[in-house]
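Residues per chain, in single letters:
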Protein chains: 4
Amino acid sequence: MEKASFLEIAKSYKVIFFDSYGVVKNHRGLINGSPKVIADLKAAGKQVRFLTNDASRSPERQMKKFRRLGLNEIEEAEIITSGMMAKQFLENKVNSGKVAFLGTPASAQYIIDANLEALHISRVNLTDIEAISAFVFLDDEGFDWNIDINTTVNLLRKRNIPVIVANSDKLYPVAKNDVSIATGGIAQLVSSILNRQFIQFGKPDSQMFMYAFRHINEQAVSSKQDILMVGDTLHTDILGGNKFGISTALVLTGNTRAANVESMIRTTGIIPDYICDSIVS
Amino acid sequence: MEKASFLEIAKSYKVIFFDSYGVVKNHRGLINGSPKVIADLKAAGKQVRFLTNDASRSPERQMKKFRRLGLNEIEEAEIITSGMMAKQFLENKVNSGKVAFLGTPASAQYIIDANLEALHISRVNLTDIEAISAFVFLDDEGFDWNIDINTTVNLLRKRNIPVIVANSDKLYPVAKNDVSIATGGIAQLVSSILNRQFIQFGKPDSQMFMYAFRHINEQAVSSKQDILMVGDTLHTDILGGNKFGISTALVLTGNTRAANVESMIRTTGIIPDYICDSIVS
Amino acid sequence: MEKASFLEIAKSYKVIFFDSYGVVKNHRGLINGSPKVIADLKAAGKQVRFLTNDASRSPERQMKKFRRLGLNEIEEAEIITSGMMAKQFLENKVNSGKVAFLGTPASAQYIIDANLEALHISRVNLTDIEAISAFVFLDDEGFDWNIDINTTVNLLRKRNIPVIVANSDKLYPVAKNDVSIATGGIAQLVSSILNRQFIQFGKPDSQMFMYAFRHINEQAVSSKQDILMVGDTLHTDILGGNKFGISTALVLTGNTRAANVESMIRTTGIIPDYICDSIVS
Amino acid sequence: MEKASFLEIAKSYKVIFFDSYGVVKNHRGLINGSPKVIADLKAAGKQVRFLTNDASRSPERQMKKFRRLGLNEIEEAEIITSGMMAKQFLENKVNSGKVAFLGTPASAQYIIDANLEALHISRVNLTDIEAISAFVFLDDEGFDWNIDINTTVNLLRKRNIPVIVANSDKLYPVAKNDVSIATGGIAQLVSSILNRQFIQFGKPDSQMFMYAFRHINEQAVSSKQDILMVGDTLHTDILGGNKFGISTALVLTGNTRAANVESMIRTTGIIPDYICDSIVS
């Protein structure tokens with residue numbers, strides 16, 4: 001673990017995996033200078049991917065949102081969301097039936113793209129649930145927490161079906177000092193109440209890294225030694241990158257602040273290869 | 001562990017501690033015949049207490065609700081709620097300031113009775129929290145889960161104050177086959193998100209048993225060998241009674257059904273002294 | 001929470017509950033000056049009790065050990081061990097049969113004092129276990145961890161009997177910078193492997209505080225407001241004292257050091273009423 | 001989920017992933033008829049791989065052990081162990097220094113094969129640990145549990161280095177009705193004591209499935225729809241296979257018995273695509 005300049009260390013890698021929130025953008029918008037950094041990396045022939053624990057909207061919508069913010073260099077194919085892992089699971093393992101979900105209409109796109117019928121939890125009738133073949137936690141918005149989380153608990157007590165958590169993050173920042181409970185937090189509440197283990201997607205799990213790696217690999221440009229994961233969160237970005245066997249750089253523009261980075265690394269035992277102030281320096 | 005008649009085994013004890021929900025009443029009202037059983041026990045000189053994991057209303061209101069249902073033999077002093085333990089804690093350890101809470105106005109009575117100012121979570125202004133000296137999870141109703149649970153998380157990130165869970169139950173039944181997430185489930189979500197341990201009251205914790213025991217003892221009628229705890233839930237009523245050192249009887253009119261009682265005892269390792277169909281046979 | 005002189009604040013209380021290790025003694029012996037502090041408190045008419053998470057030896061042996069170290073003012077009746085809570089449980093709830101245990105011969109005294117037959121785990125024959133009526137985790141010494149912990153797992157898979165953890169501490173210090181896994185750590189391993197919940201005794205659980213309180217109370221000298229718990233460990237001494245409703249003082253001569261006391265209080269949310277350098281200043 | 005003949009359903013897949021213990025062999029040796037089943041599958045042009053949570057010996061030694069038992073059709077390249085994932089991690093992320101470990105000399109081969117120096121825990125001197133760059137839990141044998149697990153705890157308190165769990169299983173069977181605590185159980189004890197998260201390899205984690213899939217894929221014969229995972233354990237083989245997106249078959253010759261398969265599926269929520277009595281029918 002060494003303190004380093006991101007721009008300097010990036011030169012040694014052919015591929016950069018970026019976390020999005022806390023790295024490229026924050027609650028105010030893009031981090032100053034980040035579009036130029038991304039553009040320069042691509043101009044230098046490096047491949048970039050954005051690995052984000054998010055199932056609230058499709059990669060296409062995420063790309064458009066990035067562009068609206070001013071990051072024009074980003075392509076839809078460079079965005080890898082945990083929602084895409086959930087969609088893959090549904091395609092591979094759930095062949096028919098209705099898929100009930102917690103989330104917004106935009107998040108339901110992942111179900112629809114798997115050629116399945118999406119059923120919003122508020123439309124579930126607990127006396128008529130035989131046709132429901134899976135359940136997905138997609139987003140923390142788009143439903144009434146009190147009524148709809150309780151409906152979820154009762155649905156899953158009555159139907160033993162695959163349950164997918166499309167974003168395992170427990171919290172996300174909504175302002176400089178304020179946070180909001182995320183999809184993974186709600187899923188954990190239900191999981192704990194039911195004493196059942198759900199299928200979780202998102203960093204630190206290996207599947208998103210594997211997906212990005214295969215995507216890169218098919219273009220025959222990299223081994224794991226050529227890849228750097230950049231993130232602001234020890235227990236998702238850094239733990240996941242370390243376990244996958246790639247280099248990891250922690251930036252201090254998001255969840256981990258300069259004041260407590262040392263104590264957090266010591267208490268968690270999650271050790272990045274590099275610590276960088278930000279991706280723009 | 002033996003299958004037994006409750007009416008028969010009750011003869012051997014001078015004091016009976018009853019759980020309320022699933023034992024004396026259920027979602028439809030009083031269990032048929034239970035008022036006569038309570039009346040007969042008292043007529044036979046036995047003392048009874050009702051130990052309930054509940055902070056939604058005061059013992060006085062609970063007594064009145066029991067009487068409205070038809071259980072006239074019950075006195076306010078015979079009702080011991082987990083909310084009373086929270087009130088005691090506030091009296092002993094929180095001397096001044098405002099106490100923020102999640103719950104209904106009726107549940108706030110426990111704070112008011114401790115001579116403290118109750119501040120509903122919806123009235124908390126996150127930029128003005130210095131006067132808040134404690135937080136209590138009282139009830140799962142009376143607030144907007146999405147907005148107010150998130151306010152709770154942010155309040156507790158900013159203020160390191162005592163946090164009390166006045167009812168540690170995670171679930172409660174609302175119909176024959178349906179349940180609702182209870183106060184303890186919501187508290188656990190917040191605790192897990194913050195990675196902090198709260199002060200929890202309610203069975204199986206010893207404090208309610210101790211309170212009831214001292215209450216009885218002061219009347220000089222019992223040792224622990226003279227007391228029987230009757231409940232429908234292994235991990236609250238039976239675990240708590242066993243640990244406190246009193247006899248325990250599991251009834252099959254609530255959370256534990258005849259069909260799975262054996263497997264639940266085997267998998268949990270929580271072993272009642274007696275298993276009874278109900279308190280009326 | 002305020003920084004304070006122990007000798008000063010002790011004046012305001014009629015009863016002092018002391019944790020033993022890290023407060024009165026450490027791995028080198030008695031903390032310099034502690035015998036005089038204890039003697040002075042008693043001379044001033046205060047009652048003292050020593051509440052220790054320990055089941056490795058009887059209160060009598062603990063008293064003798066204290067005296068050998070030079071603390072002559074201590075009486076056997078002033079020592080309250082978590083082992084005594086386990087003994088009480090056995091007396092109240094296990095009437096006959098053999099009680100298997102992990103620990104030394106000295107620790108088995110708690111079983112013998114409950115008028116039960118103690119059976120060391122190494123003498124358990126897994127094909128002849130019908131007579132075993134309970135199991136107790138007493139001490140981390142006196143057995144072969146590999147062989148005997150595995151025998152424990154297999155015994156408890158085959159016999160559904162009460163399992164008691166007579167000391168829930170996970171670690172204890174054995175030198176300035178070295179620790180050893182304690183009874184509670186071993187019990188947690190077995191509990192996790194079996195997915196069963198055991199009956200645990202020791203701080204922060206209320207039962208030791210209740211026992212000490214009744215012991216004091218019978219001599220009619222105190223209400224909870226008159227009692228101060230002094231300890232070196234946030235999640236046992238301070239959490240337990242707070243929850244029981246008595247005042248709490250954290251000393252910095254054991255598990256919690258001056259350098260990290262603030263961050264530990266912030267991250268755990270366990271807040272002592274006072275912080276004192278030691279009991280001798 | 002349907003009850004099915006393994007021999008029948010295997011016809012629909014081009015690739016079969018087998019768990020080893022409880023599927024092909026048990027504590028008595030090979031399951032009767034399993035060599036012929038494997039031979040027939042290979043003769044029919046199917047690829048097979050053996051995915052085993054094991055780091056006690058190298059794939060070469062595992063292959064030789066299989067052959068000694070009578071399974072001659074097996075090749076070293078068909079065996080994928082969780083130890084191989086640990087070796088990969090060491091190769092990718094630990095470039096120099098000594099790697100301390102818990103395990104037998106045979107298990108240390110995984111460290112040596114990563115071109116690193118293996119240091120048995122019993123040879124660690126706690127006053128000279130600066131050269132230790134990683135720690136690996138390899139096997140539950142080959143060390144003194146009491147002394148060496150405590151040395152591990154103290155080493156990891158003093159050195160913040162990557163910690164790898166090369167086999168996350170908590171238990172393994174040693175006789176018809178007896179079990180032994182496995183590497184993952186010991187690692188969990190240490191992790192819980194230190195309150196730190198380790199890097200775990202082995203099913204249900206995706207990395208072994210990914211490794212096997214890439215191995216197959218390079219030979220250009222399969223998509224995920226062509227693969228069947230066969231295992232005896234819901235929370236490793238079946239959960240892992242489901243999450244990876246391949247078909248799963250539970251056999252009843254190991255950890256999951258016919259008598260409780262339905263209740264285990266219901267309580268865990270882990271649902272195999274098929275249930276088969278064994279791989280030989």
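Keep in mind that this is a model prediction, so the values were computed, not measured. Residue indices follow the written sequence of each chain, beginning from 1 at its first position. Chains and ligands are labelled by the order in which they are written, letters from A for the one and numbers from 1 for the other. Per-residue local features of the predicted model are confined to residues with pLDDT of at least 70, and side-chain atom pairs are confined, for both listing and counting, to 80 or more; whole-chain, interface and lining totals are unaffected and use all residues. As a convention, hydrogens and water are excluded, and side-chain values are obtained from all of the structure's heavy atoms.

**A word on the sheet that holds strand 7 (residues 98-102) of chain D**
All names here are of chain D.
Point 1. Here, any two strands with at least 2 DSSP bridges between them count as paired. Secondary structure counts use DSSP, requiring at least four H or I residues in a row for a helix and at least two E residues in a row for a strand, with both numbered from the N terminus. The parallel open sheet is built from 5 strands, whose spatial order is 8-7-9-10-13. Each end of this open sheet is capped by a strand with a single partner; those strands are strand 8 (117-120) and strand 13 (199-200).
Point 2. Across 4 bridges, the pairing between strand 7 and strand 8 is parallel. Considered in strand 8, the bridge of Val-99 is made with Ala-118.
Point 3. Note on definitions: a residue-residue contact is assigned when non-hydrogen atoms from the two residues lie within 4.5 Å. Only the stretch in contact is used when fitting a helix axis, every axis being a line fitted to C-alpha atoms; angles between N-to-C directions are given from 0 to 180 degrees. Where helix 4 (residues 82-93) meets the sheet, it contacts strand 7, strand 9 (132-137), strand 10 (163-165) and strand 13, and its direction lies at approximately 160° from that of strand 10.

**Overview of the interface of chain A and chain D**
Point 1. Listed by partner, the interface residues are 36 residues for chain A and 36 residues for chain D.
Point 2. Across the interface of chain A and chain D, roughly 2,900 Å² is buried in total on both sides, 47% from carbon and sulfur atoms.
Point 3. Once two parts are put together, the accessible area they lose, assessed with a 1.4 Å probe and summed over both, is termed the buried area. When residues of chain A are sorted by the area they lose upon contact with chain D, Lys93(A), Asn160(A) and Lys243(A) head the list and together hold 22% of the total.
Point 4. Salt bridges are defined as contacts in which a side-chain nitrogen from Lys or Arg sits within 4 Å of a carboxyl oxygen from Asp or Glu. Run the count over chain A and chain D and you get 4 salt bridges.
Point 5. Among the salt bridges present, the one from Lys243(D) reaches Asp205(A), with a minimum N-O distance of 2.5 Å.
Point 6. In the analysis that follows, any N or O atom pair within 3.5 Å is treated as a polar contact, provided that within protein one partner can donate a hydrogen and the other can accept it, and provided that, for residues neighboring in sequence, both atoms belong to side chains. For the interface between chain A and chain D, the tally reads 18 residue pairs in polar contact (both at pLDDT 80 or more).
Point 7. Secondary structure elements with two or more residues in the side of chain A that touches chain D: helix 4 (82-93), strand 13 (199-200), helix 8 (206-217), helix 9 (234-244), strand 15 (247-251) and helix 10 (261-268) of chain A.

**A word on the sheet that holds strand 15 (residues 247-251) of chain C**
Residues and elements named next belong to chain C.
Point 1. Sheet architecture is open: 7 strands sit in the order 1-16-15-14-2-5-6, paired in parallel fashion. Of all strands in the sheet, those with a lone pairing partner are strand 1 (2-3) and strand 6 (79-81), marking the two edges.
Point 2. Bridge count for strand 14 (residues 227-231) against strand 15 is 4 bridges, and the pairing is parallel. If you follow Gly-231 over to strand 15, its bridge partner there is Leu-250.

**Things to note about unusual backbone geometry**
Point 1. A cis amide bond links Lys203(A) with the next residue in sequence, Pro204(A), at an omega value of 10°.
Point 2. Position of Pro204(A) among the secondary structure elements: in the loop between strand 13 and helix 8.
Point 3. With phi around 60°, Asn115(B) is a residue other than glycine that occupies positive phi space.

**A few points about the packing of helix 6 (residues 145-158) of chain A against helix 6 (residues 145-158) of chain B**
When two helices pack together, their arrangement is given by the angle between the helix axes and the distance between those axes.
Point 1. Running from N to C, helix 6 of chain A and helix 6 of chain B point in directions that differ by 95°, and their axes come no closer than 8 Å. Looking at the two axes, helix 6 of chain A sits roughly perpendicular to helix 6 of chain B. Across from Trp145(A), Asn146(A) and Asn150(A) in helix 6 of chain A, the residues of helix 6 of chain B making contact are Trp145(B), Asn146(B) and Asn150(B).
Point 2. The classification used treats Ala, Val, Leu, Ile, Met, Phe, Trp, Tyr, Cys and Pro as nonpolar, Asp, Glu, Lys and Arg as charged, and all other residues, Gly among them, as polar. Its residues placed into classes, the contact of helix 6 of chain A with helix 6 of chain B shows 2 nonpolar, 4 polar and no charged. Orientation is classified from the angle alone, with under 35 degrees giving roughly parallel, over 145 giving roughly antiparallel, 65 to 115 giving roughly perpendicular, and any other angle giving oblique.

**Things to note about the relation of the copies chain B and chain C**
Point 1. When the copies are overlaid, the least-squares fit takes in C-alpha atoms only where the residue has pLDDT of at least 70 in both copies. Laying chain B over chain C is done by rotating through 180° and shifting 0.0 Å along the axis; what remains is an RMSD of 0.0 Å. Expressed as an axis order, the relation between the two copies is that of a two-fold axis. Residues of chain B ranked by C-alpha distance from the rotation axis are headed by Ser206(B), positioned 3.2 Å from it.
Point 2. In this assembly the copies share their binding face: 100% of the residues contributing to the interface of chain B also contribute to that of chain C.

**Digging into the relation of the copies chain A and chain D**
Point 1. With an RMSD of 0.0 Å, the operation that places chain A on chain D is a rotation of 180° combined with a shift of 0.0 Å along the axis.
Point 2. A shared interface surface links the copies, since 100% of the contact residues of chain A are contact residues in chain D too.

**Regarding the packing of aromatic side chains**
Point 1. Side-chain rings of Phe, Tyr and Trp (the six-membered ring for Trp) are treated as a pair once their centres are within 6.5 Å; stacked means planes under 30 degrees apart, edge-to-face means over 60, and tilted covers the remaining angles. Applying the stated criterion to the full structure yields 32 aromatic pairs over all chains.
Point 2. Between the aromatic rings of Phe209(B) and Phe244(B), the centroid separation amounts to 5.8 Å while the plane-to-plane angle is 25°, which identifies the pairing as stacked. Remark: Phe244(B) occurs in helix 9 (residues 234-244) and Phe209(B) occurs in helix 8 (residues 206-217); sequence separation between them is 35 residues. Of the two residues, Phe209(B) and Phe244(B), neither departs from the other in class, the shared state being buried.
Point 3. Each ring, one from Phe213(D) and one from Phe244(D), has its centre 5.7 Å from the other, and the planes form 80°; the classification is edge-to-face. Separated by 31 residues along the polypeptide, Phe213(D) in helix 8 (residues 206-217) and Phe244(D) in helix 9 (residues 234-244) bring together distant segments of the chain. A 1.4 Å probe rolled over the protein chains alone gives each residue an accessible area, and that area as a share of the maximum for its type sets the label: buried under 20%, exposed over 50%, partly exposed in between.

**Focus: the pairing of strand 15 of chain C**
All names here are of chain C.
Point 1. The buried fraction of strand 15 is high, at 5 of 5 residues.
Point 2. Residues Ser-247, Ala-249 and Val-251 line one face of strand 15 and the alternating positions Thr-248 and Leu-250 line the opposite face, and both faces are buried.
Point 3. If the strands point away from the viewer and the path from the first strand over the helix to the second runs clockwise, then the crossover is right-handed. Once you follow strand 14 into helix 9 (residues 234-244) and on to strand 15, the crossover reads as right-handed.
Point 4. Pairing analysis gives 3 bridges linking strand 15 to strand 16 (residues 274-276), with the strands arranged parallel. In the sheet register, Leu-250 faces strand 16, and the bridge partner there is Ile-275.
Point 5. Traced from strand 15 through helix 10 (residues 261-268) to strand 16, the parallel crossover comes out right-handed.

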